[in-house]
Amino acid sequence: MDDGRLKDELIATWDAEAAAYDTAPRHGILHDDEWMAWRRLVAAVLGDPKHSDVRPLRVLDVGTGTGLLALIAAELGHEVTGVDMSDTMLSEARRKGAVAGLSIDWRVADAESLPADVGGFDAIVCRHLVWTLPHPDRALASWRTAARPGGLVAIVDGWYASRPLPVALLARAARAYRAWRRGRTGHRDHDYPAEAYARLPLGRQRDTLGVTRLLEAAGLERVRVRPLTEIDRVERRHLGPLGSLSDPWHRYLATGRTPILVAERH
């Protein structure tokens, strides 16, 4: 599968999921406590200009999807641009932004190759994106170019935790039961073909080493990866025992900063 065909497959998947994406647990925000947990996270990462003495940032949300990070960042008072390859996903984001009365620059763009006029950002953020990139190294190179010196790169994604065999077998049975109960309607949980998954280096992360190496190889400084335990806890509370058992996915936040030019250090 060449790059063009693979990108077409990925776009088609997200176009098909756009309408139902926000109704799926751990994708959309379905409960007030989930919204508050996500807002606290974004405020901690970017700052909260409306409620503290910090300046608004120019923020780029790459692979914005239906716009969750972009919408929260704009609500906090930041100047936000959101980009995605799926115009159908962006249509949902535009609609939500209009309902909320937020001014956000939405653009169709490839996260692995940002347009030349997209640059000078204080922070570049993404959620649920790096796992679905065929060339995450190209993406980080593009983001580093789009960020100002000293700019922040913040990645929210997840890894699949290893489980003892009995638990893994129970989880597989729970997933099969839930899939049967849902039938073939609603959210399809990213039905990529196996051939596509084989082209995604971070498609089935078993730990956070891959994203750590990715940030370091891009030349970012002060690289740090930490689990998002509060968001995991809040979201799992609403999954119930069966849903939590069937879901081995745990979130992380990975951050790094673009190098500051030597002249700017003095």
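Residues numbered from 1 in each chain as written. Predicted model: local features only at pLDDT ≥ 70, side-chain atom pairs only at ≥ 80, totals over all residues. Heavy atoms only, no water.

**Side note on the layout of surface pockets**
So, step 1. Estimates place the volume of the second largest pocket at around 190 Å³.
So, step 2. Secondary structure elements with two or more residues in the lining of the second largest pocket: helix H2 (32–46), strand E6 (221–227) and strand E7 (249–257).
So, step 3. A total of four residues in the lining of the second largest pocket trace back to one element, the largest contributor, which is E7.
So, step 4. Residues of the lining of the second largest pocket, tallied by class, amount to six nonpolar, two polar and four charged. (1 Å grid on protein atoms, 1.4 Å probe; cavity = no way out; pocket = protein on both sides within 12 Å on 5 of 7 lines; lining within 4 Å. Points joined across faces, edges and corners; volume = space filled by probe spheres on them. Helix = DSSP H or I, 4+ residues; strand = E, 2+ residues; numbered from the N terminus. Nonpolar A, V, L, I, M, F, W, Y, C, P; charged D, E, K, R; others polar.)

**As for the pairing of strand E5 (residues 147–160)**
So, step 1. Of all 14 residues in E5, eleven are buried; the element is thus mostly enclosed.
So, step 2. Note: strand E4 (residues 121–127) against E5, six bridges, orientation parallel. Residue Ile124 lies in a different strand from E5, and its bridge partner there is Val153.
So, step 3. The handedness of the E4 to E5 crossover, carried by helix H5 (residues 136–146), is right-handed.
So, step 4. The pairing of E5 with E7 spans nine bridges and is classified as antiparallel. Paired with Gly158 across the strands is Arg251, a residue of E7. (Buried < 20%, exposed > 50% of the residue type's maximum accessible area, 1.4 Å probe, protein only. Pairing = 2+ DSSP bridges. Right-handed = clockwise from strand over helix to strand, strands pointing away.)

**A look at empty space enclosed by the protein**
So, step 1. Here the structure, examined in full by the defined rule, presents two cavities of 30 Å³ or more.
So, step 2. Roughly 370 Å³ of volume is contained in the largest cavity.
So, step 3. Gly63, Gly65, Asp84, His128 and Leu129 are the residues nearest the centre of the largest cavity, which is lined by 27 residues in total.
So, step 4. Every element with two or more residues in the lining of the largest cavity is listed here: helix H1 (3–21) and helix H3 (68–76).
So, step 5. The element best represented in the lining of the largest cavity is H1, accounting for five residues.
So, step 6. Looking at the lining of the largest cavity residue by residue, the class counts come to 13 nonpolar, eight polar and six charged.

**Some remarks on the pattern of salt bridges**
So, step 1. In the structure shown here, the tally under the stated rule is 21 salt bridges.
So, step 2. Note that Arg199 is salt-bridged to Asp3, the shortest N-O span being 2.4 Å. Taken together, the residues span a long stretch of sequence, with Arg199 in the loop between helix H7 (194–197) and helix H8 (209–217) and Asp3 in helix H1 at a distance of 196 residues.
So, step 3. Taking the shortest distance from any N to any O, the salt bridge between Asp22 and Lys96 comes out at 2.8 Å. Of this pair, Asp22 sits in the loop between H1 and H2 while Lys96 sits in helix H4 (residues 87–100), placing them 74 residues apart in sequence. (Salt bridge = Lys/Arg side-chain N within 4 Å of Asp/Glu carboxyl O.)

**Thoughts on the packing of H2 against H3**
So, step 1. Two elements in contact, H2 and H3, have axes separated by 10 Å at closest approach and are oriented at 70 degrees. With respect to H3, the element H2 is oriented roughly perpendicular. Considering how the two elements wind past one another, H2 and H3 form a crossing that is right-handed. Judged by residue contacts, Trp35, Trp38, Arg39, Val42, Ala43 and Leu46 of H2 engage Leu68, Leu69, Ile72, Ala73, Glu75 and Leu76 from H3.
So, step 2. Here the residues of the contact of H2 with H3 are counted per class, giving ten nonpolar, no polar and two charged. (Axes fitted to C-alpha atoms, helices over the stretch in contact; angles between N-to-C directions. Parallel < 35°, antiparallel > 145°, perpendicular 65-115°, else oblique. Left-handed = near helix turned anticlockwise from the far one by under 90°. Contact = heavy atoms within 4.5 Å.)

**Some details on unusual backbone geometry**
So, step 1. The phi dihedral of Arg26 is positive, around 70 degrees, even though this residue is not glycine.
So, step 2. Tracing the chain through its elements places Arg26 in the loop between H1 and H2.

**A few points about the side chain of Asp48**
So, step 1. Along the chain, the position of Asp48 falls in the loop between H2 and strand E1 (58–62).
So, step 2. Relative accessible area serves as the criterion here: at 12%, Asp48 is assigned to the buried category.
So, step 3. Apart from residues no more than four positions distant in its own chain, Asp48 is found in contact with Arg39, Ala43, Val54 and Leu76.

Don't take any of this as a statement about function, it's just geometry.
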